[in-house]
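# Structure at a glance
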Amino acid sequence: MVIIAPERILSDLIRFKTVNPPGNENKVAGYLKELFDSFGISIEILEPEKNRANFIARLGSGSKKLLFLSHSDVVPAGEGWNFDPFSGEIKNGVVYGRGALDCKGLMAAQVHAVLRLASEGAPLNGTLIFAATADEERGGTCGVKYLIENCPEKIRADFAINEGGEEPIFINGQMIYFIQLGEKGTAWSTLRARGKSCHGSIPTLGENAVLKMICALNSLAGYEAEIKLIPEVSLLIRELMRIKGIREPLDDENADRLINCIEDKGFRETLRAMTRMTISPNVIEGGSKTNVVPDYCSADVDVRILPGQDEEYVLSELQRYLGDEIEIEIKNFLAPTFSTSQSDYYRLIESATKEIAGNDITCLPHISPGATDSRFLRNAGIPAYGIGHMARGFESEARNTVHGKNERIDIASLHLKSEFLVRIVKKYLS
Ligand SMILES: [Zn+2]
């Protein structure tokens, strides 16, 4: 059987417009079914809602289990692209289109790796599960969340490789690869200000709720978060400083100053977000008419938390800045999730990374400020690790195109990811 190259698989995947909403992940599942059927690999499609398909394939059998996970939905493309977001064009060593990085690139590499292993026919001492799931971009209700709640045995594994890792960075000539082992939690909150309406021509007769909210948010803009250095992040910052030749010992007081030594803005601010709770007021609504003093104003705030920061902590921090006049409601609380770096799985990923990227690279643990489907796996007791491995010489500006414009990935990185995945399987299941 001839194996189709990962860039071709990715190009095909991009052309299926699986924008969520509505998703239509069944298009990807149908494509994968044809591909896997031609290799005689056993597959299954689970569709909790019409057209919201989850595709699962299994290679080998036995109690040792490894899961490759990726999601088939993508976020809307929006305007202003330099090319058609759904053409999947391959040009000058790059594949272009929505999902190239998040997450169809990883999916293409996983598919390629599974087909390669199947065609080699080497017996596996265990089971490799590949799952291309729906709805990651909107909460996983039809995807991993559904699978874990309704048929966890379908994807239960000793550990999982998923998206969510930072792309490698270069510091002082040293290439650093990351293994994502944890994700911050969310405490999305709604703030409400109430007042008294009256005619806008005599505003002193009323109480302006919009003004109350503005004052409160202004105070929140000065939020100074408590620094919280969890062990993995401490290790990460200390190692980065060692590579930079900075010998100062790390503590809560100098954390920000040391983080400021990182030149790459995207990575620097990601690092900062790993060291504290963040608060970002992102939606505000109030008032209805120019000549009416508003009696109500609301604001939605994106709050991201670290381990040990519970609802009580979030409320007390918000209250400290907002005062008693603003009502606070935490609407969506999801605790942070973590897998350990003190495990054979982590060491396995580290050694496979060195095999494909060279012994001169450094591997470091990484915490994501955002969340992926890995949180459902970790909550179900399945350690999950996020990988953003890229080939040397990858275009580092492209990393900012995730959920943005002009998303793309270089072909060399797709091949490197596939090679990494094959090595992981060979190390763990042979
Ligand atoms: Zn994603």
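Our structure's up above, just so we're on the same page.
Each value, and the rule that gives it
Residues numbered from 1 in each chain as written. Predicted model: local features only at pLDDT ≥ 70, side-chain atom pairs only at ≥ 80, totals over all residues. Helix = DSSP H or I, 4+ residues; strand = E, 2+ residues; numbered from the N terminus. Rg over C-alpha atoms; globule rule 2.2 N^0.38 Å. Buried ≥ 20, exposed ≤ 12 C-beta atoms within 10 Å, placed from the backbone. Contact = placed C-beta atoms within 7 Å. Axes fitted to C-alpha atoms, helices over the stretch in contact; angles between N-to-C directions. Parallel < 35°, antiparallel > 145°, perpendicular 65-115°, else oblique. Left-handed = near helix turned anticlockwise from the far one by under 90°. Expected span 1.5 Å × (residues − 1). Pairing = 2+ DSSP bridges.

## Section: the overall build of the protein chain
Counting its regular elements, the protein chain contains twelve helices and 16 strands. The globule rule puts the C-alpha radius of gyration for 430 residues at 22 Å, and the 24 Å found for the protein chain is close to it. Principal-axis analysis of the C-alpha atoms gives the protein chain an extent of 80 × 55 × 45 Å. Looking at the protein chain residue by residue over its 430 residues, the buried ones come to 44%. Residue pairs in contact within the protein chain that sit at least 24 positions apart in sequence constitute 77% of those at least 6 positions apart.

## Some words on the packing of helix H3 (residues 104-120) against helix H12 (residues 411-428)
Orientation of H3 relative to H12, taken along the N-to-C sense of each, is 50°, at an axis distance of 8 Å. The angle between the axes of H3 and H12 places the two elements in the oblique class. Here the hand of the crossing between H3 and H12 comes out right-handed. Across from Gly-105, Leu-106, Ala-108, Ala-109, Gln-110, His-112, Ala-113, Arg-116 and Leu-117 in H3, the residues of H12 making contact are Leu-414, Lys-417, Ser-418, Leu-421, Val-422 and Val-425.

## Some words on the environment of Leu-377
Here Leu-377 shows up in helix H11 (residues 374-379). Judged by the 27 C-beta atoms lying within 10 Å of it, Leu-377 is buried. Sequence separation of Leu-377 and Ala-160 is 217 residues, and the distance between their C-alpha atoms is 8.1 Å. When residues no more than four places from it in sequence are discounted, the contact partners of Leu-377 are Ala-160, Ile-382 and Ala-384.

## Structural notes on the packing of helix H1 (residues 6-15) against H12
Their axes nearest at 9 Å, the elements H1 and H12 cross at an angle of 105°. One finds that H1 runs roughly perpendicular with respect to H12. Facing H1, whose interface residues are Pro-6, Glu-7 and Leu-10, H12 presents Ile-411, Leu-414, His-415 and Ser-418.

## Describing H12
For H12, with 18 residues, the first-to-last C-alpha span of 26 Å sits near the 26 Å given by 1.5 Å per residue. Three or more residues of H12 are buried, namely Ser-413, Leu-414, Leu-416, Lys-417, Ser-418, Glu-419, Phe-420, Leu-421, Ile-424, Val-425 and Tyr-428.

## Focus: the sheet that holds strand S11 (residues 296-305)
Reading across the sheet, the four strands line up as S10-S11-S9-S12 and stay open at both edges, with antiparallel pairing between neighbours. Because the sheet does not close on itself, it has two edges, and the strands there are strand S10 (278-286) and strand S12 (326-334). Ignoring which end each strand starts from, the neighbouring axes of this sheet average 20° apart. In the sheet, strand S9 (residues 185-194) pairs with S12 via eight bridges, with the strands oriented antiparallel. When the sheet's bridge partners are listed, Thr-190 is paired in S12 with Glu-329.

## Let's talk about unusual backbone geometry
Most peptide bonds take the trans configuration, and most residues that are not glycine carry a negative phi. Omega for the bond connecting Asn-20 with Pro-21 falls within 30 degrees of zero, at 5°, which places this linkage in the cis form. As for its placement among the helices and strands, Pro-21 is situated in the loop between H1 and helix H2 (26-37). Of the consecutive residues Asp-102 and Cys-103, the connecting peptide bond is found in the cis state with omega at 0°. Mapped onto the elements, Cys-103 comes out in the loop between strand S4 (94-96) and H3. For Asn-51, which is not glycine, the phi dihedral falls at a positive 70°. Position of Asn-51 among the secondary structure elements: in the loop between strand S1 (42-49) and strand S2 (52-71).

## A few points about the pairing of S2
Look at any regular strand and the pattern is simple: side chains alternate between the two faces of the sheet. Across the 20 residues of S2, 15 count as buried, placing the element largely inside the fold. Two elements, S1 and S2, share six bridges in a ladder whose sense is antiparallel. Across the sheet, Glu-44 pairs through a bridge with Ile-56, a residue of S2. A loop of two residues connects S1 with S2, the two strands running antiparallel in sequence, and Asn-51 in this loop sits at a positive phi of about 70°. The pairing of S2 with strand S6 (residues 159-162) spans three bridges and is classified as parallel. Residue pairing for S6: Leu-66 is matched across the bridge by Phe-159.

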